[in-house]
Amino acid sequence: MCNITQRSSTFSFPKICSIFWRFHHTSTSHWCSCSKTISDEKYQDPFQLGKKDLKNLYEDIKKELLVSAAELKEMCDYYFDGKGKAFRPMIVVLMARACNIHHNNSKEVQASQRSVAIIAEMIHTASLVHDDVIDDANSRRGKRTLNQIWGERKAVLAGDFILSAASVALARIGNTTIISVLTQVIEDLVRGEFLQLGSKENENERFAHYLEKTFKKTASLIANSCKAVSILGCPDPKVHEIAYQYGKNVGIAFQLIDDVLDFTSCADHLGKPTAADLKLGLATGPVLFACRQFPEMNAMIMRRFSKPGDVERARKYVLQSDGVQQTTYLAQRYCHAATREIRKLRPSPEREALVHLTEMVLMRDK
């Protein structure tokens, strides 16, 4: 579990073994809560600070998706309806400002940096479309999925088209380093999907497998987008690594909380069915932690909860165990790591907003 190595720009697990076992032997009285304990400085609302740079974001995305075929246009516009939180673009523009201020006190987001924010949202949405086809999902963001309305084949093609439009926008930036950084995201998304299709017999390897999948499917996009805007705004490699590490840690924490909500939130509030991962045969953090208290779950994990009653039993075991609390605690650890990284930059409202964002990730309920 501790011997997984990657290039310096990708995810590694140097302390997962010790952290994993320490979590299991930690008294519940020592768990952190999800309250605002990370930042005691002046509150900075990330969404308010990023609002200016995200104005007309979805209109600009639709311009990138300009297509004459009416049905394809309707499909591409379906998720770009302006009702999304724009979580990833918001992080990207805040990181851009924080890095620009750190370098030369410039408070403006460059056009190329904003383009990275647009591209990040397009890649993310294309991945959702493809994920819904793979998972045969019927709801996303509180409404029917593309594959349910237009069918799997057309949904795949729509996802491909969004991804190709993002690639054209990326090429237009004209910076080969940025192209290399962001195309890594697409590779990671594919590799992450393959990782999700597999599982490990050994418990330690299984947890490392889960975290690597989490990085590639969720955190890589945030990490590499943050790195890209830092490269565009500042020549210092140390700043590039700070931006990358912040995005990596926030991204992993975000997914860990998402995995918690799959067990604790109601379907209507979440905007998609609960226990969805179990129904897909996936063992996420709460399940893997619960497995320590209920070893009989190991067999269910290896058969991917395929027998009648497996999903219901596994969900009951998770809720009876400390799996939800342990996963939340792990997410807090990643958020603390993100905070330590971003505080290496010069003070700015954007830096403090990125600190506060880690608290919002932990406190979100959908």
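About the criteria used
- Residues numbered from 1 in each chain as written.
- Predicted model: local features only at pLDDT ≥ 70, side-chain atom pairs only at ≥ 80, totals over all residues.
- Heavy atoms only, no water.
- Helix = DSSP H or I, 4+ residues; strand = E, 2+ residues; numbered from the N terminus.
- Buried < 20%, exposed > 50% of the residue type's maximum accessible area, 1.4 Å probe, protein only.
- Lys, Arg positive; Asp, Glu negative; His and termini not counted.
- Salt bridge = Lys/Arg side-chain N within 4 Å of Asp/Glu carboxyl O.
- Polar contact = N/O pair within 3.5 Å; in protein donor to acceptor, adjacent residues only side chain to side chain.
- pLDDT = per-residue confidence, 0-100.
- Contact = heavy atoms within 4.5 Å.
- Axes fitted to C-alpha atoms, helices over the stretch in contact; angles between N-to-C directions.
- Parallel < 35°, antiparallel > 145°, perpendicular 65-115°, else oblique.
- Left-handed = near helix turned anticlockwise from the far one by under 90°.

1. What to know about the side chain of D259
Within the fold, D259 resides in helix α11 (residues 237–264). We note that D259 is buried and unpaired, the nearest opposite charge coming from K213 at a distance of 5.2 Å. Engagement of the side chain of D259 in a polar contact is seen with the side chain of Y210, the distance being 2.5 Å.

2. Observations regarding the confidence of the model for the protein
Of the residues in the protein, 86% have a pLDDT of 70 or more, and the chain-wide mean is 86. For the protein, helix α1 (residues 16–24) is the element with the lowest average pLDDT, namely 42, and helix α17 (residues 323–342) is the one with the highest, namely 98. This stretch, residues 1–41, has a pLDDT under 50; its non-local contacts, to residues over four places away or in other chains, come to 82 contacts.

3. Focus: the environment of F263
Positionally, F263 belongs in helix α11. Since its relative accessible area comes to 3%, F263 is described here as buried. The contacts of F263, once residues within four sequence positions are left out, are L278, T284, P286, V287, R315, V318, L319 and V324.

4. Here we look at the packing of helix α5 (residues 87–104) against α11
Two quantities define a packed helix pair, namely the angle between the helix axes and the distance between the axes. Close contact between α5 and α11 brings their axes to 11 Å; oriented N to C, the two are set at 155 degrees. Taken together, the axes of α5 and α11 lie roughly antiparallel to each other. For the pair α5 and α11, the sense of crossing is right-handed. Where α5 abuts α11, its residues F87, R88, I91, M95, C99 and H102 lie against V239, A243, Y246, V250 and F254.

5. Details of unusual backbone geometry
Located in the positive-phi region is N56, a residue other than glycine, with phi close to 65 degrees. Looking at the secondary structure, you find N56 in the loop between α2 (46–54) and α3 (57–64). We classify N56 as partly exposed; its relative accessible area is 43%. Non-glycine residue F305 carries a positive phi angle of around 55 degrees. Examined against the element boundaries, F305 turns out to sit in the loop between α15 (297–302) and α16 (310–320).

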